[in-house]
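# Structural overview
Residues per chain, in single letters:
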Amino acid sequence: EKMKKQDFNFKTQILLSVMTVLFFGFYMSGAMATAPVSLLKGELPVPGSNVTADFLPTSLHGVLLENQGVKLVWQEDGDLALTFYDKETLWSSNTSGTGAVLYFMQNDGKLLIKDNNNNTIWSAGTSGGSKLWLQSNRNLVLQNSSNQTVWNTDTAMPPLGTDGVQRIEAVGDFEEFMVPYTNYQYMTIRTEGADGGMRDVKEAWGATRFKVKAGAGATIIGTYEIGTGDDQIPPGSFLRVVVGKKGDTRTGQTTAGCRGGGGTGVFVRRYDDPEWRLLQVAGGGGGAYSDCCTVKKEGRSAETGRDGGDGGGTSQYIDGGTNGGDGDVGGGLGLHDGYGGGVFEDDWGNPNPWPGGDSDPTILPMAEGFSESSGYKFGCARGGNQGTAGGGGGGYSGGGAGDPYFAGGGGGSYVNTEQMAVHNIVKVKNDRTTNTQDGYIEIEFSNVLPDGMIHFAYNTGKCVDVTGSNTSNGTNILSYTCHGTTNQKWYINTVDRTIRTQLNTGKCLDLTGGSISNGTNIQLWDCAVNDNQRWVYNGLYKTIHSARNAYKCIDAANGSAGGNVNIQLWDCQYTQPNQKWEIYGATTVSDVANKKHIVSVLAPGFAVHSHTGAESGSNIQLWTKDNIDTREQWYFDGLAIKMRDHQNLCIDLKSSSTSNGNNIQLYNCNGTNAQQWLYDGMTQSIRSVINQGKCMQIVKNTDGVYGKRSNVEIHDCNGSAEQQFLIQE
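Along each chain, residue indices are assigned from 1 in the same order as the chain's sequence is written. Whole-chain, interface and lining totals are the exception, using all residues; otherwise, since this is a predicted model, local features are given only for residues with pLDDT of at least 70 and side-chain atom pairs are given and counted only at 80 or more. Remark: hydrogens and water are excluded; side-chain values derive from all non-hydrogen atoms of the structure.

### Concerning the state of the cysteines
Short version of the rule: By convention in this document, the label disulfide applies to cysteine sulfur atom pairs within 2.5 Å.
Considering all chains together, one arrives at 6 disulfides under this definition. The partner cysteine of Cys 292 in its disulfide is Cys 293, sulfur to sulfur 2.3 Å. Across the S-S bond linking Cys 292 and Cys 293, the dihedral sits near -90 degrees, which makes this disulfide left-handed. Going through the protein chain in sequence order and numbering each bonded cysteine, the pairs you get are 1-2, 3-4, 5-6, 7-8, 9-10, 11-12.

### Section: the pairing of strand β42 (residues 597–600)
Here is the rule: In this scheme, a residue with accessible area under 20% of its type's maximum is buried, one over 50% is exposed, and one in between is partly exposed, where area comes from a 1.4 Å probe on protein chains only. Helix and strand labels come from DSSP, where a helix needs a run of H or I of at least four residues and a strand needs a run of E of at least two; each type is numbered from the N terminus. One bridge is not enough; two strands pair if DSSP finds at least two bridges between them.
In β42, alternate side chains face the same way, and those of His 597 and Val 599 on one face and Ile 598 and Ser 600 on the other are all buried. Here β42 pairs with strand β53 (residues 725–728) via 4 bridges, running antiparallel. Among the inter-strand pairings, His 597 is bridged to a residue of β53, identified as Gln 728.

### Examining the nonpolar core
Under the convention used in this document: The nonpolar core is taken to be a set of buried Ala, Val, Leu, Ile, Met, Phe, Trp, Tyr and Cys residues, with the residues joined through side-chain atoms within 4.5 Å. Note on definitions: a residue-residue contact is assigned when non-hydrogen atoms from the two residues lie within 4.5 Å.
Of all hydrophobic cores here, the largest spans 40 residues; its most connected members are Leu 80, Leu 111, Leu 132 and Trp 151. Filtering out sequence-adjacent residues up to four positions away, Leu 111 remains in contact with Leu 102, Tyr 103, Phe 104, Trp 122, Ser 123, Ala 124, Leu 132, Leu 142 and Trp 151. Counting residues in each nonpolar core, the second largest holds 28 residues, with Trp 634, Ala 674, Ile 686 and Ile 714 among its members.

### Section: the packing of aromatic side chains
Formally: Think of it this way: a Phe, Tyr or Trp ring, Trp meaning its six-membered ring, pairs with another when their centres are within 6.5 Å, and the plane angle makes it stacked under 30 degrees, edge-to-face over 60, tilted otherwise.
Tallied over the full model, the rule gives 11 aromatic pairs. Taking the centre distance of 4.4 Å and the plane angle of 25 degrees together, the rings of Phe 456 and Trp 581 count as stacked. One end of the pair, Phe 456, is in strand β30 (residues 454–456); the other, Trp 581, is in strand β41 (residues 581–583), with 125 residues separating them in the sequence. Residue Phe 456 is classed as buried on the basis of its relative accessible area of 0%. On the basis of relative accessible area, Trp 581 is assigned to the buried category, the value being 1%.

### Describing unusual backbone geometry
Not every positive phi belongs to a glycine, and Asn 147 is a case in point at roughly 65 degrees. Along the chain, Asn 147 falls in the loop between β13 (140–143) and β14 (149–152).

### Thoughts on the pattern of salt bridges
Under the convention used in this document: The salt bridge definition used is simple: a Lys or Arg side-chain nitrogen within 4 Å of an Asp or Glu carboxyl oxygen.
Across all of its chains, the model carries 25 salt bridges by this definition. One salt bridge in this structure joins Glu 176 and Arg 138, with 3.0 Å as the shortest N-O distance. One end of the pair, Glu 176, is in strand β16 (residues 175–178); the other, Arg 138, is in the loop between β12 (131–134) and β13, and 38 residues separate them in sequence. When sorted by exposure, Glu 176 lands in the same class as Arg 138, which is buried.

### Comments concerning the side chain of Asp 195
The cut-off we apply is this: Here Asp and Glu are counted as negative and Lys and Arg as positive; His is not counted, and neither are the chain ends. Identification of polar contacts relies on pairs of N or O atoms within 3.5 Å, with a donor-acceptor requirement for protein atoms, meaning one able to donate a hydrogen and the other able to accept it, and with residues adjacent in sequence counted only if both atoms are side-chain atoms.
Relative to the helices and strands, Asp 195 is located in the loop between β17 (186–192) and β18 (199–202). Lacking a salt bridge, the buried Asp 195 has Lys 246 as its closest oppositely charged neighbour, with an N-O distance of 7.6 Å. Looking at Asp 195, its side chain comes within polar contact range of the main-chain nitrogen of Gly 217, at 2.9 Å. Not counting chain neighbours up to four residues away, the residues in contact with Asp 195 comprise Gly 215, Ala 216, Gly 217, Lys 246, Gly 247, Gly 261, Gly 285, Thr 433, Asn 435, Thr 436 and Gln 437.

### Here we look at the sheet that holds strand β28 (residues 422–428)
Just so we agree on the cut-off: Lines fitted to the C-alpha atoms define the axes, with helices restricted to the stretch that makes contact. Angles between their N-to-C directions range from 0 to 180 degrees.
The strand order β15-β29-β17-β20-β28 describes an open sheet built from 5 strands, whose pairing is antiparallel. At either end of the open sheet lies a strand with only one pairing partner, and these are β15 (166–169) and β28. Going across the sheet, the axis of each strand differs from the next one's by a mean of 15 degrees, ignoring polarity. Summarising the sheet, β17 and strand β29 (residues 440–446) pair through 7 bridges and their orientation is antiparallel. Across the sheet, Arg 190 pairs through a bridge with Glu 442, a residue of β29.

### Concerning the pairing of strand β8 (residues 88–92)
In terms of strand pairing, strand β7 (residues 80–84) meets β8 through 4 bridges, oriented antiparallel. Bridge assignment links Phe 84 to a residue of β8, and that residue is Glu 88. Two successive antiparallel strands, β7 and β8, enclose a turn made up of 3 residues, where Tyr 85 displays a positive phi of approximately 50 degrees.

### Here's the deal with the sheet that holds strand β5 (residues 62–67)
Each strand in a sheet pairs with another by means of backbone hydrogen bonds, the pair being arranged parallel or else antiparallel. The 4 strands are arranged β5-β6-β7-β8 in an open sheet whose pairing can be described as antiparallel. A strand with exactly one partner marks an edge of an open sheet, and here the two such strands are β5 and β8. The mean inter-strand angle of the sheet, taken between neighbouring strand axes irrespective of direction, is 25 degrees. The pairing of strand β6 (residues 70–74) with β7 spans 5 bridges and is antiparallel. Within β7, the residue paired with Val 73 across the bridge is Ala 81.

### Brief notes about the confidence of the model for the protein chain
Where we set the bar: Known as pLDDT, the predictor's confidence for each residue is given on a scale from 0 to 100.
Per-residue confidence for the protein chain gives a mean pLDDT of 86, with 86% of residues at or over 70. In this model, residues 18–32 is a region of pLDDT below 50 whose contacts with residues beyond four sequence positions or in other chains number 12 contacts. Under a pLDDT of 50 for its full length, residues 343–382 has, in the predicted model, 126 contacts with residues more than four places off or in other chains.

Here it is in structure tokens:
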């Protein structure tokens with residue numbers, strides 16, 4: 001009898017509420033309100049009117065809150081859902097088919113859903129709620145009367161950082177970030193496509209017999225305007241990033257092709273646009289091929305244009321994709337051993353061309369591109385391999401797979417200049433490599449456009465200049481009055497350490513004849529990516545060091561930092577103004593003599609430290625940063641890093657070995673290259689003079705984290721946070 005009475009009262013309550021709303025709604029026709037971004041307890045908005053209520057039955061379903069494309073919807077099926085542009089469900093109460101009434105009661109502030117039997121089937125798990133707020137970051141929060149959050153949907157999109165360069169690594173899935181509300185005017189995005197797979201053929205006992213280079217991923221850089229214009233990126237917009245994974249290294253003594261690398265892409269969804277729009281894509285490199293012994297086919301590097309590169313071979317089945325399509329799958333003699341790369345593919349390159357590529361290549365498909373069940377979540381995917389051909393790289397358009405016994409082509413790249421205001425575009429086709437890497441993205445905010453110029457530090461009105469804008473081999477390089485044209489704009493490739501003119505990124509600063517004699521001319525030449533063309537910008541002294549000899553620097557002839565003079569090579573002199581240069585975006589250190597701490601970027605509360613103090617052979621590791629502890633205080637003397645209070649002891653590469661994982665120690669100073677280091681201001685890494693491609697790297701401690709007691713070792717330079725350090729007081 002009691003249950004029947006409760007059931008009667010519950011149903012009567014619902015009926016009366018509906019009648020009340022209908023009555024007021026009749027006299028308030030035309031008063032339909034836009035959904036608010038927040039609401040107070042007891043004020044659930046009745047859809048289609050300005051009436052509010054403590055509770056809403058499913059007959060009064062509709063949008064309750066709305067903010068920048070995100071909606072809180074009380075659905076007809078009894079589910080409370082948070083949706084994104086009506087296409088994607090971010091969160092729901094999971095009460096579809098059972099929910100009957102949504103409550104946000106004035107008396108107790110509880111947010112809950114009941115079924116037709118008056119049973120609570122979902123709640124926010126707390127009383128005392130005062131306000132329900134749909135935030136601009138897509139998170140729905142319940143706050144109490146003190147504005148403290150007592151419950152949330154945990155759907156907040158993380159904002160991009162505005163402090164320095166934010167690096168986004170490959171995770172095998174897409175990630176999303178919010179463009180922060182900021183006063184910055186520009187956002188620079190660097191996308192690196194992933195390298196293809198390489199061959200590393202092993203002997204039976206594990207030694208390497210030979211290696212075959214993979215195609216490298218492309219480098220694509222663009223600077224976008226922040227603002228509300230049609231061709232700008234508004235604060236509060238959402239970025240979706242897809243970072244390519246490198247192709248696998250194959251080691252077997254057999255005929256084997258390797259996967260292509262994944263393309264790396266960035267997409268934007270403005271708050272006033274329901275579609276994802278492509279900003280830029282860097283294509284992935286093609287996979288290598290070899291047999292056991294003699295046939296070696298290097299993968300082909302990613303293209304800087306929209307179309308994918310062809311795979312190796314002569315058949316009709318190796319073409320790279322065009323206009324956003326997949327590359328061909330390889331073939332010849334009826335064999336289809338490789339897979340072509342493509343923009344939207346699964347992990348093995350199964351075909352899934354970019355829908356709409358011919359009509360609107362900037363739109364990112366939703367269901368096809370990122371269906372949770374389709375296997376296509378990798379977006380700008382790597383091409384595949386199967387047996388005897390290298391796979392094509394992924395990208396804007398896919399690279400073609402190789403014919404049997406050939407390598408794959410690189411994927412295509414793209415920058416959306418059709419819809420967006422993009423400045424300082426840089427596109428680089430990188431050299432093939434055996435040091436294969438996943439792709440990555442770097443994003444930085446600024447109030448000035450990166451000018452791409454190399455200025456004199458003591459006379460910033462003078463810049464490094466390509467004579468007459470001529471890109472012929474042997475063209476002379478000089479200092480000249482800065483005027484901002486392309487012949488004064490450079491791209492410093494932090495991966496291969498080349499300095500490339502933006503007139504043609506296939507042309508590099510080069511030592512004439514490879515000579516390291518004082519006065520050797522510096523010229524423009526086809527990029528061959530050898531030590532004649534590799535340089536390191538030293539952030540301690542603003543000097544640019546040659547890979548041929550780290551003690552030789554780029555120099556303005558005749559000691560002049562003022563006139564239009566020749567650029568040459570000379571012995572490094574760290575106090576001379578004619579060897580000091582300013583490069584936008586580089587990390588530099590002022591007052592070097594008074595800087596004493598080397599602090600990990602990944603573990604910023606910890607500094608490089610001598611484990612047993614002033615003792616030769618002491619291990620170098622991280623320890624809690626302390627302004628008193630002398631075991632972590634250093635003095636920078638040229639390229640040597642000495643213990644500040646015991647300058648007879650230097651940071652040393654044990655046994656001068658650059659093998660990955662070799663230990664770094666404190667040792668009696670002896671002036672050898674094992675104790676000479678370059679602080680790379682472009683990457684914040686500390687490079688060994690023995691091999692400038694080797695960097696200090698921290699590793700996880702015995703607790704499995706980066707921090708106190710993390711060892712410092714030498715490893716191949718890879719630009720990761722484990723290899724980044726700041727020089728501080």
